[in-house]
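The lines below spell out each chain.
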Amino acid sequence: MKNYDAVVIGGGPGGYVCSIRLGQLKQKVVCIEKEEVGGVCLNWGCVPSKALISASHTFEKMKDSAIMGLTVEGTVKHDVGKMQEWKGGIVKKLTGGVRGLLRGNGAELVIGEARVTGPNTVEVKTKEGTVETFQAKAIVIATGATTIEIPTFKFDGKQIIGAKEAVSLKEIPKRMLVIGGGVIGLELGCVYQKFGSEITVVEATPNLLPGIDTDVSAVVEKKMVKHGAKIMKNAKAAGYEKNADGSLSVRIDLGEGKFDTVVCDTVLVAVGMRPNGAGLGLEEVGVKVERGFVPSDKQGRTNVPSIYSIGDVSGQPMLAHKASKEGEVVAEVIAGHKAAKDWVAIPGAIFTDPEVAVAGLTEEQAKAKGLDIRVGKFPFAALGRAMAVNETDGFFKVVADKNTHELLGVQIVGPSATDLISEGALALEMRAFLEDIGLTIHPHPTLGEGFMEAAMGGLGHAVHILNR
Ligand code: NAI
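Note that the structure is predicted; figures quoted are calculated from it, not measured.

Moving on to the site of the ligand. As a structural note, the neighbourhood of the ligand is formed by 23 residues, with Ile184, Glu187, Glu203, Gly272 and Ala349 the closest of them. In the model, an oxygen atom of the ligand is placed 2.8 Å from a nitrogen or oxygen of the Ile184 main chain. In this structure, Glu203 approaches the ligand through a side-chain N or O atom, which is 2.6 Å from an oxygen atom. Against a free-state accessible area of 850 Å², the protein chains account for coverage of 77% of the ligand. Residue assignment for the shell around the ligand shows that the elements contributing at least two residues are α6 (183-194) and β17 (348-350). It is α6 that provides the largest number of residues to the shell around the ligand, a total of three residues. Classifying every residue of the shell around the ligand by side-chain character gives 15 nonpolar, five polar and three charged. Split by domain, the residues of the shell around the ligand number at least three in each of domain 2 (160-271) and domain 3 (348-459).

Laid out in structure tokens, this is it:
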């Protein structure tokens, strides 16, 4: 039996960051990963999808920059094989980097499948086929989440696919039906739309990107529709039949007894993820597991004090950056430092076209809480820099307390929204007032000026739009 300070189960953005931090804090740590370090995010989620998103954006820019006086002789072509190779190279570089960081910080890595056998013991079936037992003061559960499958659309890896297959397609589907108008459905829907697929999105609720203000998601929807996408809301895919030519006829339930049929070549199912808390032996050692989640407190402890949980498996939101921060906190706690999860906001970044990014309360959430608020909005179309990059769709929105002017939330839909939101997150963490943002000199000409103007707009004196 091997003795450690900590065994971390799962090598995704939660587990590997936790292991690195534990190593930095001179804790003897082993990270157990059953596939490849980096987890879903690095191997087939965030990183590969962003590579494809950037390729599709560049492809569109190459075709659509005539207004800038830029035209291409002949047609702009794409080579999916080469694109996949490039994407694979990025993933390989990053996973190699993570292995190096683990090693460099003294954290061991074991490839194998782990099972918790006691409050301080973990059994691992290694890749080599041996079974090893690890004893540790602390066990960290960082096992992430798995794509939800719809029973009537069982994945076949070819025509009925999830996000994992969708970032590795060898050909661009002629017609793609996306079930679920959430984050994955729209990000990948936008990619294949730019490469020429006819896209239909079927979303069960009345709005795309549930949880995001409707005026924000409407900007993404409008652009997708302008480029030919068909968006079916309040609709569910009920089943499908395979046609003689290999295509699929998908039956769509529109509610109130009405149905429609959509013919497509590929169905991307993106209806959410379920947490991987079951089947790890946790219940047997007394750890509470709720619908697959392993809940933990502000220090990441489950109801069994030596067992911690971080990332997707510990609760919503299922975001890589939340997992990493939780990993850092738990590492500090295990090393005996004073640490806790006490952030004000976990920003969200959605890489659609245009991008969407949020931090803190949305306008709709603030109103639902009965808060007395003021809202400042500023359009990208009023920014010289947005015109210069030829991307003027969207706006900045700030939500603040009506009387104190304390910032409560930021939403951005538009170019580079996912980069711009970090300033909003910092402002929320610092408990900034609209005056703090409005009085901060933002360099000109930049997209970031929109945040300053929205804050001033909230106070009734934006400079570059008329205040109403
Ligand atoms: P999601 O929860 O974002 O969206 C799922 C959508 O499917 C929802 O709009 C839901 O109403 C709809 N839906 C559910 N059942 C349906 C049905 N039977 N028919 C039609 N629509 C249905 O989940 P998604 O997009 O699969 O993403 C999974 C997770 O991955 C999320 O938790 C997300 O936070 C995370 N993620 C985050 C990214 C980012 O932050 N950029 C990128 C990709 C994933």
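The discussion continues.
This paragraph deals with the packing of aromatic side chains. Here the structure, examined in full by the defined rule, presents four aromatic pairs. Look at Phe59 and Phe195: their rings are 5.4 Å apart centre to centre, the planes differ by 45°, and that puts the pair in the tilted class. Placement of Phe59 in helix α3 (residues 46-63) and of Phe195 in the loop between α6 and β9 (198-202) is noted, with a sequence separation of 136 residues between them. The buried category is assigned to Phe59, whose relative accessible area is 9%. We note Lys28 situated over the ring of Tyr4; from NZ or CZ to the ring centre the distance is 4.4 Å.

As far as domains go, the chain holds domain 1 (2-147 + 274-334), domain 2 (160-271) and domain 3 (348-459). Summarising the inter-unit geometry, the C-alpha centres of domain 1 and domain 2 are found 28 Å apart. Domain 1 puts 19 residues into the contact, and the matching count from domain 2 is 17 residues. Of the roughly 1,500 Å² buried where domain 1 meets domain 2, counting both sides, 63% is carbon and sulfur surface. The largest per-residue losses of area from domain 1 upon contact with domain 2 belong to Trp44, Ser56 and Glu60, which jointly make up 33% of the total buried on that side. Applying the counting rule to domain 1 against domain 2 returns two salt bridges. Among the ionic pairs, Glu60 bridges to Lys194, the shortest N-O distance being 3.1 Å. There are six residue pairs in polar contact (both at pLDDT 80 or more) connecting domain 1 and domain 2. Listed by contribution, the elements that provide at least two residues to the side of domain 1 that touches domain 2 are α3 and α4 (80-104). Looking at the side of domain 1 that touches domain 2, the element that brings in the most residues is α3, giving eleven residues.

Two strands in a sheet stick together by hydrogen bonds in their backbones, pointing the same way (parallel) or opposite ways (antiparallel). Across the sheet, five strands lie side by side as β17-β18-β21-β20-β19; this open sheet has antiparallel pairing. At either margin of the open sheet sits one strand with a lone partner, and together these are β17 and β19 (373-379). Neighbour-to-neighbour, the strand axes of this sheet turn through a mean angle of 10°, independent of strand direction. Sitting on the sheet, helix α11 (residues 417-429) is in contact with β17, β18 (355-360), β20 (395-401) and β21 (407-414), with an inclination near 10° to β18. On top of the sheet, helix α13 (residues 449-458) reaches β19, β20 and β21; it is set at about 140° to β19, its chief contact.

Each α-helix winds once per 3.6 residues, and so residues spaced three or four apart point in a common direction. The buried fraction of helix α1 (residues 15-24) is high, at eight of ten residues. Among the residues making up α1, those that are buried are Gly15, Tyr16, Val17, Cys18, Ser19, Ile20, Leu22 and Gly23. Its buried side turned inward, α1 meets β1 (2-9), β2 (29-33), α2 (39-44), α4, β5 (131-141) and α8 (320-334). Among the residues trailing α1, Lys26 stands out with phi positive, at a value near 65°.

Here is what the cut-offs are and how they apply
- Counting of residues starts from 1 at the beginning of each chain's written sequence and follows it residue by residue.
- The predicted nature of this model means local features are confined to residues of pLDDT at least 70 and side-chain atom pairs, given and counted, to a pLDDT of 80 or more, with totals for whole chains, interfaces and linings taken over all residues.
- The basis for every side-chain value is the complete set of heavy atoms in the structure, and neither hydrogens nor water enter the calculation.
- If even one non-hydrogen atom of a residue comes within 4 Å of a molecule or strand, that residue is called near it.
- Counted as a polar contact is a pair of N or O atoms within 3.5 Å, where, for protein atoms, one must be capable of donating a hydrogen and the other of accepting one, and residues adjacent in sequence contribute only when both atoms are in side chains.
- Using a 1.4 Å probe, the Shrake-Rupley method yields the accessible areas, and only the shown protein chains count as cover for residues.
- Runs of E in the DSSP output that reach at least two residues are strands. Runs of H or I that reach at least four are helices, and both are numbered from the N terminus.
- Three classes are used: nonpolar for Ala, Val, Leu, Ile, Met, Phe, Trp, Tyr, Cys and Pro, charged for Asp, Glu, Lys and Arg, and polar for all others, with Gly counted as polar.
- What marks off one domain from the next here is an automatic or database domain assignment.
- By convention, a stacked pair of Phe, Tyr or Trp rings (six-membered ring in the case of Trp) has centres within 6.5 Å and planes under 30 degrees apart, an edge-to-face pair has planes over 60 apart, and any other such pair is tilted.
- Each residue is placed in one exposure class: buried if its accessible area under a 1.4 Å probe, protein chains only, is under 20% of its type's maximum, exposed if it is over 50%, and partly exposed if it falls in between.
- The rule is short: NZ of Lys or CZ of Arg within 6 Å of the ring centre and within 35 degrees of the ring normal puts a charge over the ring.
- Contact criterion: two residues are considered in contact whenever any of their non-hydrogen atoms come within 4.5 Å of each other.
- Here's the idea: put two parts together, see how much 1.4 Å probe accessible area each one loses, and the total over both is what we call buried area.
- When a carboxyl oxygen of Asp or Glu is within 4 Å of a side-chain nitrogen of Lys or Arg, the pair counts as a salt bridge.
- Note on pairing: DSSP must find at least two bridges between two strands before they are called paired.
- Throughout, an axis means a line fitted to C-alpha atoms (over the contacting stretch in the case of helices), and angles, computed between N-to-C directions, take values from 0 to 180 degrees.

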